[in-house]
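Observations on the model geometry
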Amino acid sequence: MPFEREMEKLIQIMHSNGSLKTGKVEEAIRKIPRHLFVPEKYHSYAYIDEPLPVSHGQTISQPSVVARMTELLDVKEGQKILEVGAGSGWQAAILGHLVGGKGKVYSLDRIKWLVENARKNIKKTEIKNVEVIQRDGTLGLPGKIFDRIIVTAAAPDIPKPLKDHLKTNGKMVIPVGRFTQKMILLKKKKSGFVKKEEGFYRFVPLIGKYGFSD
Ligand code: SAH
C-alpha cells in the first residue's frame, strides 16, 4: 500500500487525540485508504489530519472527525445505516466495511457530480454494500428505517424526517448549529429521544427542506 508510513502516523495522532477508541474503527480506517477519496492533486495530503476540498465547494471531513463520529455511532455488523452528505464517499465506505456483507449503507448527496464521484471512489475499494443516491437528505429515505443515521453537514436543527426514520434503540450523530456546531448523539428509546452533546465542530451547511436555505 502506498502511504503506509503516513497512515501509521495518522493512526497514532487519532489515538493520542482520543478520536480513535476501538480496534474495529481503526481497522475500517486502515481498510479504506483515504487517498482514494481525495482529488489526485491532494494525494500527498491525504494522511494529514485536515479536511480537504473535493469539488463544488464541498470537503472530505478531517480524519479525526470521521473517527470520532464513527465511534459515537457505535456501528454493529448487519446494521442498516443512512448517511446524509456523501461528499467523497469515504465515510460511507468506512461504514460499509463496519456493517459487513449482511449490512447496508445508503448515502445521500444533493449534488449530482459528488454522487457520481463518490460511487467512482467507492468502486476503487472492495466495498459493495453502499448505495449512493442523489436526494435532499433532510427528507430521509421514505419507506425505510435505519439502525443508525449520520449527518455529515451542519444542520439548523435535527430534521424531523430523520427522527422518524430511526428505529427504536437506534442512534443518530448530527452536527447542529450555524457557524460552529455541537455534535449531537441522539438515541431513540421507547420512551422518547435522549440527546447528548459531544463537543464543537465546523461543517459545511446542510441545505434542503429541513436544512438551511440555499
Ligand atoms: N461524508 C463526506 C463529507 C461530507 S461534506 C465524506 O466522507 O467525504 C457534506 C456533504 O453534504 C456535501 O457533499 C454536500 O453536498 C452534502 N449536503 C448538503 N446538504 C445536503 C442535503 N440536504 N442532502 C444531501 N446532502 C447534502
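A few points on the structure. (Residues numbered from 1 in each chain as written. Predicted model: local features only at pLDDT ≥ 70, side-chain atom pairs only at ≥ 80, totals over all residues. Heavy atoms only, no water.)

A closer look at the packing of helix α2 (residues 23-31) against helix α4 (residues 90-99)
α4 packs onto α2 with a crossing angle of 125° between their chain directions and a minimal axis gap of 9 Å. Classed by the angle they form, the pair α2 and α4 counts as oblique. Crossing of α2 over α4 shows right-handed handedness. On α4, the residues that touch Lys24, Val25, Glu27, Ala28, Ile29 and Lys31 of α2 are Trp90, Ile94, His97 and Leu98. (Axes fitted to C-alpha atoms, helices over the stretch in contact; angles between N-to-C directions. Helix = DSSP H or I, 4+ residues; strand = E, 2+ residues; numbered from the N terminus. Parallel < 35°, antiparallel > 145°, perpendicular 65-115°, else oblique. Left-handed = near helix turned anticlockwise from the far one by under 90°. Contact = heavy atoms within 4.5 Å.)

Brief notes about the site of the ligand
Around the ligand sit 27 residues, and of these Ser88, Asp109, Asp136, Gly137 and Ile207 come closest. Side-chain polar atom of Glu83 to a nitrogen atom of the ligand: 2.9 Å apart, as the coordinates give it. Residue Gln91 places a main-chain N or O atom 3.0 Å away from an oxygen atom belonging to the ligand. If the ligand stood free it would expose 580 Å²; the protein chains cover 99% of that surface. Mapped onto the shell around the ligand, the elements with two or more residues apiece are β2 (58-60), β3 (80-84), α4 and β4 (104-109). The class makeup of the residues in the shell around the ligand is 12 nonpolar, 10 polar and 5 charged. (Near = heavy atom within 4 Å. Polar contact = N/O pair within 3.5 Å; in protein donor to acceptor, adjacent residues only side chain to side chain. Areas by Shrake-Rupley, 256 points an atom, 1.4 Å probe, with all protein chains shown as cover. Nonpolar A, V, L, I, M, F, W, Y, C, P; charged D, E, K, R; others polar.)

Topic: the sheet that holds strand β6 (residues 146-151)
Spatial ordering of the open sheet is given by β5-β4-β3-β6-β7-β8-β9, a layout of 7 strands whose pairing is mixed. Of all the strands in the sheet, just β5 (130-134) and β9 (192-201) have a single pairing partner and so form its edges. Between one strand axis and the next, the sheet turns through 15° on average, direction left out of account. Relative to β4, β3 runs parallel, the two sharing 5 bridges. Residue pairing across strands places Lys80 opposite Lys104, the latter belonging to β4. Running over the sheet, helix α5 (residues 112-123) touches β4 and β5 and is turned about 165° from β5. (Pairing = 2+ DSSP bridges.)

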